[in-house]
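Report on the structure
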Amino acid sequence: MTPEDTWTIVEAPFRPALARAYEGLFTLGSGYLHVRGSLEEHLSDCPQNLQYTRLPANVTSERFPETKVKWGTYVPGVFGRHPLLNLEMINLPHFIGIVPFVDDERLDVERGEVSDYSRRLRLRDATLVRTLHWRTQAGKTVELRFERFVSADRPHLCVQRLVVTPHDDIRLAIQSGIDADVRTNGHDHFTSVSCQPIAVDGVRCRILTDLGETVEIVSHLRGSTDWSVAESERAVGRATARPVSAGESVIFEKRTAVCTGRDLEASDPTALLQSASRATYDELHEAHAAVWRRRWSGCDVVIEGDDPSQLAVRVAVYHLLRAHVPNDPRVAIDPKGYAGDAYWGRFFWDTEMFLLPFFLYTDPDRARTLVDFRVQSLAGARANARRYGYAGARYAWESAPDGSECCPNWQYADHEVHVTADVVYGLVHYARAADNENYLRGPAAEVLVETARYWMQRLDWRDGDSGPSLLGVMGPDEYMPISSNNSFTNALVAFALRAAAEYGAAGGADQAELAAFAQAAASLPLPRADDDALVLQCEEFPRLADPSFDRLWRNRSRSFASQVSQERLYRSKCLKQADVIMLMMLDPDRFSEEEAKRAWTYYLPYTTHDSSLSAGVHAIVAARLGRDQEAWDFWQRGKAVDLDIDHGGAAEGIHIANAGAVWQMIIFGFAGMRTAMQADTLTLHPRLPAAWRRLTFPIVWKRTPVQISVTHTEVRIANRGAAPLAAGVVDEVRTIVPQEEEVWAHRR
């Protein structure tokens, strides 16, 4: 690989069976607007208006309708109501279509004679470029170059360009428009659709959703002065045709603006296009690329000696940057990174545990948006608690933008309550990492108190027990549905209660309540085996059935859950993902090395890693335990989740929590950086993989920008801020003056 290859994802040649995986991987977005990487000309016999009934199911093992490609246009926060699945993010009208015809023959990369096909997502400037040679049935050859970007500088704007260069004299025609005949998970959320031509070169589509939201999309075309109109019930297009001589290059542009009724500022797509009309394609692209250069300068992780790993981390960071919605705390980031609607565009515990750390340690202002999302959705959390008969606030397992619970599956909605404590963990993590303790006495204080009030009513006191219990809960391991005193849940709830006891006076709690919060936190048990050395996942775990993996899990390339019944999952010692191990990742100093090793050797053989959230946690803990080969193996597994195109990859959208875990594996695992929840001073315990010569990355530590470089023999920490910085490698702490660097000799 060349250095530029580590900034580029390449599809070559085109293979229909992999089209959806590349669509997800090639998603472009500005935060406000996201578009899957679908082909401009589409494929034949692949309608996007199929209606079907998607039922509540275990998404990990769910099978989706077989389609070659899947259009996707998403504006975070634009939701509709599904008849069975509650609120879901809507797939909006498709506007990227540009279809070339040569002598009345339509381009079809699946059926036509295509050579030199290459599609590249340039991560550095978030630009998708496709080139190919097309030989028509009449024997004429044409070179095509498609480009597009969703502007980071003008977030409502998508800009496309097509360059056509024939080797023979041809008659070239172009069709382009907006198609609103789309569905979301088989359901039609549009109550009205209005499509019409505008001006001499434009088209407009206005839709009204089933929740009363208005979305308007306007496209303008450049490259011809003679555009005819083609209209249908839910689509509108323009077409032009002209003779083109051999060797002559013809350029077409398409500029599209998308606006919705939920925009924070009044916006009109026609006005937005008009404001950009005097800028050339290159000028618009340069402004877009400049934003991306600034983004990368604050978060690019450089790995020397391992190009595949270098590419993997840049892919992960690209999607994290793309998916974040700047300056809009009404939404967070959905589990598919706005690259698909399989998880309905809702918000999970992924926000706090897997996504927030990347932003906390690279751009705390962006992180603030994610924690503010939980604060602004407190009313919905209160409503959730009332619906279950409790006081206080209960955060949703699958949250709508207003905080209301949308999960249609009872076992998750009713029992996966640890998310309420995870939210508090995220608020405190932000306050410590951003050096903003006032946040906990200000905007977050009411969340701390209201969630603590919920926990006080959710606790049970069993006869004969000396303290409270949390019964009927599901921890991170979703294959254990109704358990007693799940260790992860109890530990996080105790943490949340302690936070409420410390800061709750600012949120309206009186002294009696504060004392009760503290007492409950101190009394919640962490169950252990009889020898006290093994932290139990829950009280019931040792008495569950053996999972019989050798007999039942025949095909290890597919999830265990896809090969056995849910009933068997729920009665067996099989873990979907890290549970106790995740607790030990978050709070390593609470457990001795012997306890961590015992948990590792006990739980790992039972863990299926059916969840994309599992590999990253295990890699970090393995690195801390000095299990270098296992850490490396889990790194390889985790970094491949979206890049493993042959096994589906990002076909249903990016596994955005795993993208966050990719970054965490490097920073918290191999660089060994302690989080602000684990250390007051910037501290590293590096265990660099043998294949890596050097690891370099920037972070922000309590508002101080820092540059870190790790090799197998030394660690360099540069203070790029304006105040002295205390930093340490293993147990040696030094003070680094502003704009200076300290070097530690280091051998693991």
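Here, every reference points to the structure presented above.
A few points on the structure. (Residues numbered from 1 in each chain as written. Predicted model: local features only at pLDDT ≥ 70, side-chain atom pairs only at ≥ 80, totals over all residues. Heavy atoms only, no water.)

1. Structural notes on the overall build of the chain
Per the secondary structure count, the chain includes 20 helices and 27 strands. Expected size for 748 residues packed as a compact globule is a radius of gyration near 27 Å; at 27 Å, the chain falls within 12% of this value. Each of the three principal axes of the chain carries a C-alpha extent, and together these read 85 × 60 × 55 Å. Looking at the 748 residues of the chain, the share that counts as buried comes to 62%. Sequence-distant contacts in the chain: of pairs separated by 6 or more residues, those separated by 24 or more amount to 68%. In the structure as shown, the chain presents an accessible area of about 26800 Å², 47% of it carried by carbon and sulfur atoms. Computing the positive centroid from 82 side-chain charges and the negative centroid from 100, the chain places the two 1 Å apart. (Helix = DSSP H or I, 4+ residues; strand = E, 2+ residues; numbered from the N terminus. Rg over C-alpha atoms; globule rule 2.2 N^0.38 Å. Buried < 20%, exposed > 50% of the residue type's maximum accessible area, 1.4 Å probe, protein only. Contact = heavy atoms within 4.5 Å. Areas by Shrake-Rupley, 256 points an atom, 1.4 Å probe, with all protein chains shown as cover. Lys, Arg positive; Asp, Glu negative; His and termini not counted. Charge placed at Lys NZ, Arg CZ, Asp CG, Glu CD.)

2. Digging into the environment of D169
Mapped onto the secondary structure, D169 falls in the loop between β12 (157-166) and β13 (170-179). We classify D169 as exposed; its relative accessible area is 52%. In this structure the C-alpha to C-alpha distance between D169 and V102, which are 67 residues apart in sequence, comes to 9.9 Å. For D169, the contacting residues outside a window of four places in its chain are K140, V244, S245 and A246. A distance of 2.9 Å separates a polar atom in the side chain of D169 from the backbone nitrogen of A246. (Polar contact = N/O pair within 3.5 Å; in protein donor to acceptor, adjacent residues only side chain to side chain.)

3. Quick notes on the sheet that holds strand β10 (residues 127-135)
Read from one edge of the open sheet, 9 strands run β1-β9-β10-β11-β12-β19-β16-β15-β14, paired in antiparallel fashion. One side of each edge strand has no neighbouring strand; the edge strands of this open sheet are β1 (8-11) and β14 (190-198). Taken over all neighbouring pairs, the strand axes of this sheet differ in orientation by 15 degrees on average, direction set aside. Bridge analysis of strand β16 (residues 214-222) against strand β19 (residues 250-260) gives 8 bridges, and the strand direction is antiparallel. The residue bridging S219 from the neighbouring strand is T256, located in β19. Where helix α2 (residues 269-276) meets the sheet, its contacts fall on β12, β16 and β19, and the angle it forms with β19 comes to roughly 140 degrees. Where helix α3 (residues 281-297) meets the sheet, its contacts fall on β9 (113-122), β10, β11 (141-150), β12 and β19, and the angle it forms with β11 comes to roughly 45 degrees. (Pairing = 2+ DSSP bridges. Axes fitted to C-alpha atoms, helices over the stretch in contact; angles between N-to-C directions.)

4. Quick notes on the sheet that holds strand β21 (residues 682-684)
Pairing is mixed in the open sheet, where 3 strands are placed in the order β21-β25-β26. Looking at strand neighbours, the two that pair on one side only are β21 and β26 (732-736), the edges of this open sheet. The mean angle between the axes of side-by-side strands here comes to 25 degrees, regardless of whether they run parallel or antiparallel. Sheet analysis places strand β25 (residues 725-729) next to β26, joined by 5 bridges and oriented antiparallel. Counted as the bridge partner of V729 is E732 from β26.

5. Focus: the side chain of E41
Within the element layout of this structure, E41 appears in the loop between β3 (34-35) and β4 (73-74). For E41, a relative accessible area of 0% corresponds to the buried category. Reaching out from E41, the side chain makes a polar contact with the side chain of R130 at a distance of 2.6 Å. Sequence-distant contacts of E41, that is, excluding residues within four places in its chain, are made with I98, V99, P100, R106, L107, V109, R130 and F146.

6. With respect to the nonpolar core
One finds W349, L427, L682 and I717 to be the most contacted residues of the largest nonpolar core, which totals 214 residues. Excluding its chain neighbours within four sequence positions, the residues that come into contact with W349 are F354, R374, W397, H418, V419, D422, P476, F488, Q577, M582 and L613. Ranked by size, the runner-up nonpolar core spans 26 residues in total, among them F14, V164, I170 and V244. (Core = buried A, V, L, I, M, F, W, Y, C linked by side-chain atoms within 4.5 Å.)

So yeah, pure geometry; function would need other evidence.
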